[in-house]
Amino acid sequence: PTKCPEPPVLNELRAQAKARGVMNLFLPEVCKLSVLEYSPIGELLGMNEVANYAMNCAAPDTGNMEVLERYGTEAQKKQWLEPLLNGEIRSAFAMTEP
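The rules we used
Residues numbered from 1 in each chain as written. Predicted model: local features only at pLDDT ≥ 70, side-chain atom pairs only at ≥ 80, totals over all residues. Heavy atoms only, no water. Helix = DSSP H or I, 4+ residues; strand = E, 2+ residues; numbered from the N terminus. Buried < 20%, exposed > 50% of the residue type's maximum accessible area, 1.4 Å probe, protein only. Areas by Shrake-Rupley, 256 points an atom, 1.4 Å probe, with all protein chains shown as cover. Lys, Arg positive; Asp, Glu negative; His and termini not counted. Charge placed at Lys NZ, Arg CZ, Asp CG, Glu CD. Arc of directions from axis to C-beta. Contact = heavy atoms within 4.5 Å. Salt bridge = Lys/Arg side-chain N within 4 Å of Asp/Glu carboxyl O. 1 Å grid on protein atoms, 1.4 Å probe; cavity = no way out; pocket = protein on both sides within 12 Å on 5 of 7 lines; lining within 4 Å. Points joined across faces, edges and corners; volume = space filled by probe spheres on them. Nonpolar A, V, L, I, M, F, W, Y, C, P; charged D, E, K, R; others polar.

S.K.: Hey, could you go over the overall build of the protein for me, with residue numbers and the actual values?
M.R.: For the protein, the count of helices and strands is six helices and zero strands. Overall, the protein shows an N-to-C arrangement of helices and strands of α-α-α-α-α-α. Looking at the 98 residues of the protein, the share that counts as buried comes to 31%. A total of about 6800 Å² of accessible surface is found on the protein, and carbon and sulfur atoms cover 59% of it. In the protein, 9 side chains carry a positive charge and 13 a negative one; their mean positions are 6 Å apart.

S.K.: Before we move on, can you summarise unusual backbone geometry with the specific residues and values?
M.R.: Where the residue is not glycine, phi is negative for most of them; where a peptide bond is considered, it is trans in most cases. Looking along the chain, the bond that leaves Ala-59 and enters Pro-60 is cis, with omega of 0°. Summarising the element assignment, Pro-60 is placed in the loop between α4 (51-54) and α5 (61-71). The phi dihedral of Lys-32 falls on the positive side, at around 70°, and the residue is not glycine. Tracing the chain through its elements places Lys-32 in the loop between α2 (28-31) and α3 (35-45). The exposure class assigned to Lys-32 is exposed, which follows from its relative accessible area of 62%. At Asn-56, a residue that is not glycine, the phi angle is positive and equals roughly 60°. As for its position among the elements, Asn-56 is in the loop between α4 and α5. Take Asn-56: its relative accessible area is 6%, and that puts it in the buried class.

S.K.: I'd like a rundown of the environment of Pro-28, residues and numbers included.
M.R.: Along the chain, Pro-28 turns up in helix α2. Measuring from C-alpha to C-alpha, the distance between Pro-28 and Arg-70 comes to 11 Å, with 42 residues separating the pair along the chain.

S.K.: Let's hear about α5: which residues, and what values?
M.R.: Among the residues of α5, those classed as buried are Asp-61, Thr-62, Asn-64, Met-65, Leu-68 and Glu-69. Along the long axis of α5, the arc covered by the buried residues comes to 165°, so they all point the same way. Buried residues along α5 sit against α2 and α6 (74-85).

S.K.: Break down the side chain of Glu-69 for me, with residues and values.
M.R.: Locating Glu-69 in the fold gives a position in helix α5. Buried charge Glu-69 goes without a salt bridge, the closest partner of opposite sign being Lys-77 at 4.5 Å. Excluding anything up to four places from it in sequence, Glu-69 contacts Leu-27, Glu-29, Lys-77 and Leu-81.

S.K.: So what about the layout of surface pockets? Which residues, and what values?
M.R.: In this approach the atoms are scanned with a rolling probe the size of a water molecule, which exposes any empty space left behind. Of the volumes computed, that of the second largest pocket is approximately 150 Å³. Every residue along the wall of the second largest pocket is listed here: Leu-13, Gln-16, Ala-17, Arg-20, Val-22, Val-50, Ala-51, Ala-54 and Met-55. Breaking the lining of the second largest pocket down by element, the ones donating at least two residues are α1 (9-20) and α4. Sorting elements by how many residues they give to the lining of the second largest pocket places α1 first, with four residues. Residue composition of the lining of the second largest pocket, grouped by class: seven nonpolar, one polar and one charged.

This is the structure we're talking about:
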């Protein structure tokens, strides 16, 4: 996979977020917050342009992780979900017209 260019400080922020246990807050299966409990956090994250990336709560990764968590096979989870949850890779979403 191609490595997306990111500011160097982002890796430091991700490490701090992991250490504090505040990565992947959008995913109830991981953080145990309901969507209602996560909503105000998501609003605050949106006020800072790197917060969503640092805490691994940025689109399109969030939606793709939700789909993999709920519907992915064990092999798909191992190959794609685990690296996404760890912030090691990014994902994409593409859609075409019928």
